[in-house]
Amino acid sequence: NLEKEMISPKLFLGTRKKCTGYKLNIQKFPNGIDPEDPDTTQFALVWGFLYEVYTFMPKSTIISLVLNLAPAMYFVINQLILEKTLRIMTQTEDNDTKKRRKEIMQ
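Source: prediction; values computed, not measured.

## Comments concerning the overall build of the chain
Broken down by element type, the chain carries four helices and zero strands. The buried share of the chain, taken over its 106 residues, is 5%. Here the chain has roughly 10,700 Å² of accessible surface; of this, 63% comes from carbon and sulfur atoms.

Shown next, in the form of structure tokens:
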């Protein structure tokens with residue numbers, strides 16, 4: 001029965017419930033910025049690309065930016081903590097601090 005339907009001139013639909021759609025973008029990519037223009041800066045191209053991606057997929061763009069920035073932020077925070085810890089551990093006491101400590105202890 002299945003083979004007869006596929007061979008017949010009728011359209012065989014099956015049980016597919018989803019359809020993929022594509023949008024044809026006629027403007028220049030990214031975001032109408034001309035990369036061949038000598039006045040176009042690299043920053044403008046990157047910003048145009050990010051804006052273009054964000055307008056089509058806002059949720060995915062935000063999630064990917066957060067996931068890509070998380071390791072860098074983790075590294076910076078760890079380095080700041082390490083720097084603060086090393087400063088505390090290697091801090092030398094001056095004479096005034098020693099005098100104050102003696103006064104407190106007495």
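So that's the structure; there's more coming.
## Considerations on the confidence of the model for the chain
Of all residues in the chain, 70% attain a pLDDT of 70 or more, and the chain-wide mean is 77. When pLDDT is averaged over each element of the chain, helix α3 (residues 58–89) comes out on top at 90 and helix α1 (residues 2–7) at the bottom at 52.

## Quick notes on a nonpolar patch on the surface
Together, Phe-43, Val-46, Trp-47, Phe-49, Leu-50, Tyr-51, Leu-65, Leu-69, Met-73, Ile-77 and Ile-81 give the surface a local cluster of nonpolar side chains, amounting to about 1,100 Å² of exposed area. Mapped onto the nonpolar patch, the elements with two or more residues apiece are α2 (42–56) and α3. Broken down by element, the nonpolar patch gets its largest block of residues, six residues, from α2.

## Describing the packing of aromatic side chains
Taken as a whole and judged by the stated rule, the model has one aromatic pair. Their ring planes at 15 degrees and their centres at 6.4 Å tell us that Phe-43 and Trp-47 sit as a pair that is stacked. Taken together, the positions of Phe-43 and Trp-47, both in helix α2 and four residues apart, correspond to about one turn of that helix. Owing to a relative accessible area of 54%, Trp-47 belongs among the exposed residues under this scheme.

## Focus: the side chain of Thr-61
Among the structural elements, Thr-61 can be located in helix α3. Only 2.6 Å separates the side chain of Thr-61 from the backbone oxygen of Met-57, close enough to count as a polar contact. Residues in contact with Thr-61, not counting those within four places in the same chain, are Val-53 and Tyr-54.

## A closer look at the pattern of salt bridges
Evaluation of the coordinates by the stated rule reveals one salt bridge. Close ionic contact of Arg-87 with Glu-83 constitutes a salt bridge, the shortest N to O distance being 2.9 Å. Here Arg-87 pairs with Glu-83, and both are found in helix α3, just four residues apart, close to one helical turn. Relative accessible area serves as the criterion here: at 37%, Glu-83 is assigned to the partly exposed category.

## Quick look at α3
In this model α3 runs 46 Å from its N-terminal to its C-terminal C-alpha over 32 residues, within 8% of the 46 Å that 1.5 Å per residue would give. A maximum bend of about 35 degrees is found in α3 at Ala-70, where proline Pro-71 lies one to four positions downstream.

## Considering the packing of α2 against α3
Contact geometry for α2 and α3: axes closest at 5 Å, N-to-C directions at 125 degrees. Our classification of the angle between α2 and α3 gives oblique. Contacts from Val-53, Tyr-54, Thr-55 and Phe-56 in α2 reach Pro-58, Thr-61 and Ile-62 in α3. Looking at the contact of α2 with α3 residue by residue, the classes come out as five nonpolar, two polar and no charged.

About the criteria used
Residues numbered from 1 in each chain as written. Predicted model: local features only at pLDDT ≥ 70, side-chain atom pairs only at ≥ 80, totals over all residues. Heavy atoms only, no water. Helix = DSSP H or I, 4+ residues; strand = E, 2+ residues; numbered from the N terminus. Buried < 20%, exposed > 50% of the residue type's maximum accessible area, 1.4 Å probe, protein only. Areas by Shrake-Rupley, 256 points an atom, 1.4 Å probe, with all protein chains shown as cover. pLDDT = per-residue confidence, 0-100. Patch = residues over 30% accessible without salt bridge, like charges linked within 9 Å, V, L, I, M, F, W, Y side chains within 5 Å. Salt bridge = Lys/Arg side-chain N within 4 Å of Asp/Glu carboxyl O. Phe/Tyr/Trp six-rings, centres within 6.5 Å; stacked < 30°, edge-to-face > 60°. Polar contact = N/O pair within 3.5 Å; in protein donor to acceptor, adjacent residues only side chain to side chain. Contact = heavy atoms within 4.5 Å. Expected span 1.5 Å × (residues − 1). Bend = angle between axes of the 7 residues up to and from the residue. Axes fitted to C-alpha atoms, helices over the stretch in contact; angles between N-to-C directions. Parallel < 35°, antiparallel > 145°, perpendicular 65-115°, else oblique. Nonpolar A, V, L, I, M, F, W, Y, C, P; charged D, E, K, R; others polar.

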